[in-house]
There are 2 protein chains.
Amino acid sequence: MHRTHTCGELRIEDKGKQIILSGWVQRIRDKGGLIWLDLRDRYGITQLLLEEGRSNASVIEAARDLGREFVVKIKGKVIERQSKNPNMPTGDIEIDLESIEVLNKSKTPPFTIEDNTDGGDELRMKYRYLDLRRQPLRRNLELRNRLSIETRKYLDSEKFFEIETPYLIKSTPEGARDFVVPSRMNQGQFYALPQSPQTFKQLLMVAGYDRYYQLVKCFRDEDLRADRQPEFTQIDCEMAFVEQEDILNTFEGLIRYLFKTIKNIDVPVLPRMEYADAMKLYGSDKPDIRFEMKFVELNDLAKNKGFKIFDEAGLVVGINAEGCANYSRKQLDKLTDFVRRPQIGAKGLVYVKYNEDGSFKSSADKFYSQEDLKSWAEKFGSKPGDLMLVLSGEADKVRKQLSELRLEMGNRLGLRNPDVFAPLWVVDFPLLEWDGETERYHAMHHPFTSPKPEDIAMLDSKPGEVRANAYDLVINGTEIGGGSIRIHDRGLQKLMFKHLGFSEEEAQEQFGFLLNAFEYGAPPHGGIALGFDRLVALFGGSDSIRDYIAFPKNNSGRDVMIDSPSTISNEQLDELMLMLK
Amino acid sequence: MHRTHTCGELRIEDKGKQIILSGWVQRIRDKGGLIWLDLRDRYGITQLLLEEGRSNASVIEAARDLGREFVVKIKGKVIERQSKNPNMPTGDIEIDLESIEVLNKSKTPPFTIEDNTDGGDELRMKYRYLDLRRQPLRRNLELRNRLSIETRKYLDSEKFFEIETPYLIKSTPEGARDFVVPSRMNQGQFYALPQSPQTFKQLLMVAGYDRYYQLVKCFRDEDLRADRQPEFTQIDCEMAFVEQEDILNTFEGLIRYLFKTIKNIDVPVLPRMEYADAMKLYGSDKPDIRFEMKFVELNDLAKNKGFKIFDEAGLVVGINAEGCANYSRKQLDKLTDFVRRPQIGAKGLVYVKYNEDGSFKSSADKFYSQEDLKSWAEKFGSKPGDLMLVLSGEADKVRKQLSELRLEMGNRLGLRNPDVFAPLWVVDFPLLEWDGETERYHAMHHPFTSPKPEDIAMLDSKPGEVRANAYDLVINGTEIGGGSIRIHDRGLQKLMFKHLGFSEEEAQEQFGFLLNAFEYGAPPHGGIALGFDRLVALFGGSDSIRDYIAFPKNNSGRDVMIDSPSTISNEQLDELMLMLK
């Protein structure tokens, strides 16, 4: 037997017990007469004690031969500690050590196994199995496990079936790039790994399964941005005989259940914001509503006063930063630099200080009187002591720029507390989005998304204004998931394909099996997919999904621990009838 | 709103309620004055009633326009049935139909959506979404969902963490053939899809996770035999600081929990059978112990009596078929034909009838006296009325042949009831197995399996006799899973690689990351993987896993519904720097 207890289990009530523990040597403190060892496993840390004179000399010798991360099995008796540690669950006791058996030695790890390690990113990725020993990562994976358990518990209680869909499917040119898998038994042909189980979950609705979910790996061969992984996990769901409202309510229920169960936070009913309002008030389809700082449009007040930049702009729009009128020249310059960064791309920034004495100081004082600026302040709802920050330019662009500035000010003012959670639904997304490159409309969500019935008539005249039955779940400025009510009518689906520029042959070739299925009694249905990696990271209070994945890949899509991808043998290539270029 | 209730929900207590249901038209019976419709959804079937004269004429007209599998939304009132159907949960009521709205039409399905359909295999695979509407398949997927929920519930209660391991990993030439995935960002290099998360789960033990599990898809590019799928699901598990006994007890607990929870069957404590005994007594490492019919070896009694075939055989061995002495010439010929089939390959079959009158009648009467045959009967434990069936030949081969005959007799005698479950552990598997083709020993389980300590000394002298800490879970003659205690000592692992014919470089290249990890304090550990598809099929009382997978592939690894695999575009090939041969 390797242990009678775990290293996180023993309490003062166990005093006097003979026990066996196994684990890793976390730390050794040798004070001459006394030696303490910290023994660690997944469940916690227990302190072991040796005392010269009292303890067996050979055990003391064995202890002095141990190194960090050695795996040992020890026997001893639970005793009460002289100086208790109230910060440790096992802090009231220690083990009077009677024997040590080394189960395995360890080389000195390349970085310390501590909450704040001295290891750099690259090194920790290479020795991921050592990094995973650190408490913060252990807690992250424990949280991930807990979230998956509770997600399933909720969906099961709502009568959803988890149904596994295939991983070896068919490549479709629409959307992002597929990973493909050459087939040896069907030479010259390839499977694709799923970017999502979209078509399969719709087929399950056609098959009558009513409520489907799956925690499922999906794959996307994208050029990786920071914090994107080529393989990622989704909570993928679909429901039949529902309207948008039913889906929002069901998954609002899931989110509130998870916050309550995992974090003991009562999240209020989720607000619903139309896409158009989100863009107008926050410049973003994923607004962080932990703080207000809504956009204020100034065209009527700021134009035609001789300030050419504003006069030529499509939109003059700003935000009010409470209590920032005392910003120094240097601070204001930094904000200007911020919005001028190429990633943001504003030409400049106009500020208006609403001084405590009621006067205004602006970077455009030449063009605007104190009276003018007072009318601005009224529109902004500013008080003395506030700072108005104003950008101008082409409407869509300037909104995006101001959104970045708003988030930056939120950070500076401490308004984005990771322990505060403000989820919302963004609804009524546009159905189509114009792609300047291919000069045609693309489906914003995917080609099966249904338009709002009252907007269908505009498909020909104003396609860009047609709204979809599509919605996103946004938490703290992050898109956690999205979905839509699907088209279940073959006629409407054909119309959509036409508007997306598919010929009938192309549509049939790519989605024929789905279109055929829709001929045999497809029910009204819709669904949603939530990014599980991101949801876990959010619950953990972090922006980085990589810390919540056991074995992530780096930004080149490599696993540096196992050194993958790698070359394969010529025999393998031959069997697949492939050649490298 | 699409429904107030599901089609499986309404009871006599709901009488008088105004309700809305949505579902598929299962059946229409038009008896002139009365029309009945059966409306179906995932939850059940509800009968709808129309009565000429009383019901609205336009609704009757609408009903007569419906076809099978139309999707409709209906309104009406719950009434008590005239003639109740006690076989249906909703059989006490029907709906007095007030309106019908067609949500979607349906073409006539290519086969009937009934428990016993008229559709052939090919057709049902092509229209899988229609086949999945049938009750038997719906029940299978529901069972699968329930088994996954309960498996997780048990393992969670045993403090296992579910941890997701990567799908894009590294190809290793050992074992079965990998599916590979070309990397666009690392040109000329490939990922492989996992055949199992073996190395990752061992790394998780090195990382201290103690108890890991995962319901996970695995992939194997094999020439498909009947009922093998290129992608399949495993319950993959690993534990640290355990011995074999701990693992057997933990997963015996899982199996008994699942039988109790899902099927309300109390499975007794699982017997444990050594591999050597399984081979000797049943000729199989996965014996079906729902019935006895153990092998009886006859070398001492049957040899040296002038019967050349037996004299030259390595082993003469038989089984006793209770109550079969009355088998006709024709029946016995059929058994002889059975063992002579090329898949089985026996040369012939010797039978001995133990007649009710105490006399014996044998196909080898020329060589054996009544006295001889009486001594056989004593060894077999036969009674008058029984039939002894005897094969001979090279020991390993004849045992396999007799195993097939034993199972066949079990079938004929009705001893293999699919509602009876007889799980057992087969333990002490050989560590190595001789491969005649490559003329070297292969790891029977995998190269990380630990030998029994007391057998290590034989690694050089008698490698074939070294036993492993390896075990299989067998239920009703099917291997449901297997596992082993792993080697956690780098020295022993090196010795194993040497005996498996790996050079040090080869071992380092293929398993370097695991060997390196073992330098940093690997704990004693072991695990198991259970075939989830097969477990579900077993619980469902079927041999065919395909009926328990939502979207299976056919025997050529094709998904005929979505027509995959398929060709990909030249642009895709170019991006991957690949050419077809």
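In what follows, the accompanying structure is described. Predicted, not measured: the structure shown is a model, and the values here were computed from it.

Conventions and cut-offs
Residues numbered from 1 in each chain as written. Chains lettered and ligands numbered in written order. Predicted model: local features only at pLDDT ≥ 70, side-chain atom pairs only at ≥ 80, totals over all residues. Heavy atoms only, no water. Least-squares fit on C-alpha atoms with pLDDT ≥ 70 in both. Helix = DSSP H or I, 4+ residues; strand = E, 2+ residues; numbered from the N terminus. Buried < 20%, exposed > 50% of the residue type's maximum accessible area, 1.4 Å probe, protein only. Polar contact = N/O pair within 3.5 Å; in protein donor to acceptor, adjacent residues only side chain to side chain. Contact = heavy atoms within 4.5 Å. 1 Å grid on protein atoms, 1.4 Å probe; cavity = no way out; pocket = protein on both sides within 12 Å on 5 of 7 lines; lining within 4 Å. Points joined across faces, edges and corners; volume = space filled by probe spheres on them. Nonpolar A, V, L, I, M, F, W, Y, C, P; charged D, E, K, R; others polar.

Between chain A and chain B, which share one sequence, the superposing operator has a rotation angle of 180° and an axial displacement of 0.0 Å; the RMSD is 0.1 Å. Taken together, these values place the two copies in the relation of a two-fold axis.

This part covers the side chain of Gln198(B). All names here are of chain B. Mapped onto the secondary structure, Gln198 falls in helix H5 (residues 198-206). Given a relative accessible area of 12%, Gln198 falls into the buried group. A polar contact is formed between the side chain of Gln198 and the side chain of Gln202, at a distance of 2.9 Å. A distance of 3.1 Å separates the side chain of Gln198 from the side chain of His446, its partner in a polar contact. Those residues in contact with Gln198 that sit more than four places away from it in its chain are His446, Phe448 and Arg486.

This model, assessed by the stated rule, comprises 12 cavities of 30 Å³ or more. Computed from the structure, the largest cavity encloses a volume of approximately 380 Å³. Taken together, 29 residues form the lining of the largest cavity, with Arg152(A), Glu162(A), Leu215(A), Arg152(B) and Leu215(B) sitting closest to its centre. Elements that contribute at least two residues to the lining of the largest cavity include exactly helix H4 (135-157) and strand E9 (211-219) of chain A together with helix H4 (135-157) and strand E9 (211-219) of chain B. Taken together, the residues that form the lining of the largest cavity break down as 10 nonpolar, 9 polar and 10 charged. The space that makes up the second largest cavity amounts to roughly 140 Å³. Among the elements that make up the lining of the second largest cavity, the one with the highest residue count is strand E10 (residues 231-240) of chain B (3 residues). When grouped by side-chain class, the residues that make up the lining of the second largest cavity number 8 nonpolar, 3 polar and 6 charged.

Here we take up the environment of Arg467(A). All names here are of chain A. Secondary-structure assignment places Arg467 in the loop between helix H13 (458-461) and strand E20 (470-475). The sequence separation of Arg467 and Pro430 amounts to 37 residues, and the corresponding C-alpha distance is 4.3 Å. Beyond its immediate chain neighbours, meaning those up to four positions away, Arg467 contacts Asp428, Phe429, Pro430, Leu431, Pro451, Lys452, Glu454 and Asp455.

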